[in-house]
Every structure is written in C-alpha cells, then in structure tokens.
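Listed here are the chains, written in short residue letters.
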Amino acid sequence: MDKKSITIQNLEAAFAGESMAHIKYRYFAKVARAAGDEETARHFEATADQEVQHAFGHLDLLYPKDKLTPARALELAIEGETYEYTEMYPKFRHLAVEEGNQAAVAEFDEQIAESKVHAEAFRAVLEKAAKRFAALTKVEERHANAYKEVLARVNAKAKSAA
Ligand SMILES: [Fe+2]
Ligand SMILES: [Fe+2]
C-alpha cells in the first residue's frame, strides 16, 4: 500500500475532528434541551451546522468531485461499513469483553449488526445502479447507431448528387 502524504493524513484527521465536533454538539444540544436550556441547545445546534460545512471542506479535498461517481461513493461506503463490522467492532468487542464492560459489548454487538445491514443495503443499491447504468449504455449505443445510419444515408445521397 502506498503511503499517504502528510497533508492527506492531516485532512483525514481534521475531517474526523470536525465530524466528531458536529455530532458531539448535537448531543450536547439534546442534553441542554432536556435540561430546559433552549438557548444553549440552539447555540450548540447552530455551531454543529458550521462544523458540517468545515467537514465538507475537507471532504472536497479528500474526495474531489470530478473523480467521485455515485458508484465510487457506494463502493467507498461498502468498504467503510465492511471494515466496521469485520474488523473494527469485533476487535473493540473482544477488548470490552476482556475489560468486563458489558454495556460496551452490547453496544458493539448492535453496531456490528447495523454496519452489516448498512453494507448490504449499499451493495443492493450499487447493484441496482449498475443495471441502470448498463441499460443506459445500451440506449446510448442505439442512439449512436441510429445517428450513424442517418449520417451514412446523407453521405451516400451527397455522393450520388455530386
Ligand atoms: Fe470547525
Ligand atoms: Fe453505518
């Protein structure tokens, strides 16, 4: 595997940080609202919205839009979810068992199941999209052939008139 540049690694770390800030502020907003502090809740939510924009800015550089197709995005999502349920959460679960943290074990079990469902759903969408894409290619091909026939007829006519 080729080594990522420092800046790419930093962008990934910054993306992770902004994403975490976003979710954390949403969580803090929920806590503040439950405590009856609507003003603090709204402030957390407004800031969380800005963190999303910061994270998008990093993603623009990590996954340039001119290289990212819906199919590629689906592949990346399948990769991420598969990593979660085949490597990351099983490892975390194992260590939680060793530490005797039953709440974490239960949480990781839920996440393993959820990530698997997500990966399968993304795969189903990708397969459907691939069929759609193949059908579209056929239509394009028919159109191209029809144009070619017309062009050949026009050329033949021009030749016989000359
Ligand atoms: Fe930020
Ligand atoms: Fe997921």
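To keep things clear, this report deals only with the structure shown in the data block. Note on numbering: residues in each chain are counted from 1, in written sequence order. Think of it this way: whatever chain is written first is A, whatever ligand is written first is 1, and the rest follow in order. It should be noted that, the model being predicted, local features are given only for residues of pLDDT at least 70 and side-chain atom pairs only at 80 or more, the latter also being counted only at that level, while totals for whole chains, interfaces and linings use all residues.

1. Thoughts on the overall build of the chain
For step 1, the next point in the chain: Along its length, the chain carries 4 helices and 0 strands.
For step 2, the next point in the chain: For the purposes of this entry, the term helix denotes a DSSP run of H or I that reaches at least four residues, the term strand denotes a run of E that reaches at least two, and both are numbered from the N terminus. Along the chain, from the amino end to the carboxyl end, the secondary structure elements read α-α-α-α.
For step 3, the next point in the chain: Computed over the C-alpha atoms, the radius of gyration of the chain is 26 Å, more than 25% above the 15 Å expected from 2.2 N^0.38 for a compact globule of 162 residues.
For step 4, the next point in the chain: Taking the principal axes of its C-alpha atoms as reference, the chain extends roughly 90 × 40 × 35 Å.
For step 5, the next point in the chain: Counting contacts in the chain only where the partners sit at least 6 residues apart, residues at least 24 apart contribute 63% of the total. Only C-alpha atoms enter the radius of gyration, while the globule expectation follows 2.2 Å times N to the 0.38, with N the number of residues. Throughout, a pair of residues is in contact if the C-beta atoms placed from their backbones lie within 7 Å.

2. Some points on helix α4 (residues 102-161)
For step 1, the next point in the chain: In a regular helix each residue adds 1.5 Å, so 60 residues correspond to 88 Å; α4 covers 88 Å between its end C-alpha atoms and thus fits that length.
For step 2, the next point in the chain: Here α4 lies mainly on the outside; 3 of its 60 residues are buried.
For step 3, the next point in the chain: Between the buried cut of 20 or more and the exposed cut of 12 or fewer other C-beta atoms within 10 Å of a residue's own C-beta lies the partly exposed class, and all C-beta atoms are placed from the backbone. For α4, the set of buried residues is Phe108, Ala119 and Phe122.
For step 4, the next point in the chain: Against α3 (70-99) lie the buried residues of α4. Given a helix with a known number of residues, its expected span is that number minus one, times 1.5 Å.

3. Some details on the packing of helix α1 (residues 6-34) against helix α2 (residues 38-62)
Angle between the axes and distance between the axes are the two parameters that describe a pair of packed helices.
For step 1, the next point in the chain: Here, axes are lines fitted to C-alpha atoms. For helices the fit covers the stretch in contact, and angles between N-to-C directions go from 0 to 180 degrees. Remark: α1 packs on α2, axes separated minimally by 8 Å, with the N-to-C direction vectors making an angle of 165°. With respect to their mutual orientation, α1 and α2 come out roughly antiparallel. Relative to α2, the crossing made by α1 is left-handed.
For step 2, the next point in the chain: Each residue gets one label: Ala, Val, Leu, Ile, Met, Phe, Trp, Tyr, Cys and Pro are nonpolar, Asp, Glu, Lys and Arg are charged, and the others, such as Gly, are polar. Within the contact of α1 with α2, the residues separate by chemical class into 16 nonpolar, 6 polar and 7 charged. These descriptions rest on fixed angle ranges, namely under 35 degrees for roughly parallel, over 145 for roughly antiparallel, 65 to 115 for roughly perpendicular, and the rest for oblique. Crossing handedness follows the turn of the near helix against the far one: under a right angle anticlockwise gives a left-handed crossing, and clockwise gives a right-handed one.

4. Brief notes about the environment of leucine 126
For step 1, the next point in the chain: Within the fold, leucine 126 resides in helix α4.
For step 2, the next point in the chain: Owing to 18 C-beta atoms within 10 Å, leucine 126 belongs among the partly exposed residues under this scheme.
For step 3, the next point in the chain: Among residues more than four places away in sequence, those in contact with leucine 126 are Ala71, Leu74, Glu75 and Ile78.

5. Here's the deal with the packing of α3 against α4
For step 1, the next point in the chain: Where α3 contacts α4, the two axes come as close as 8 Å, and the packing angle between them is 160°. The angle between α3 and α4 falls in the class roughly antiparallel. Where α3 crosses over α4, the handedness of that crossing is left-handed.
For step 2, the next point in the chain: In the contact of α3 with α4, the residues fall into 20 nonpolar, 4 polar and 7 charged.

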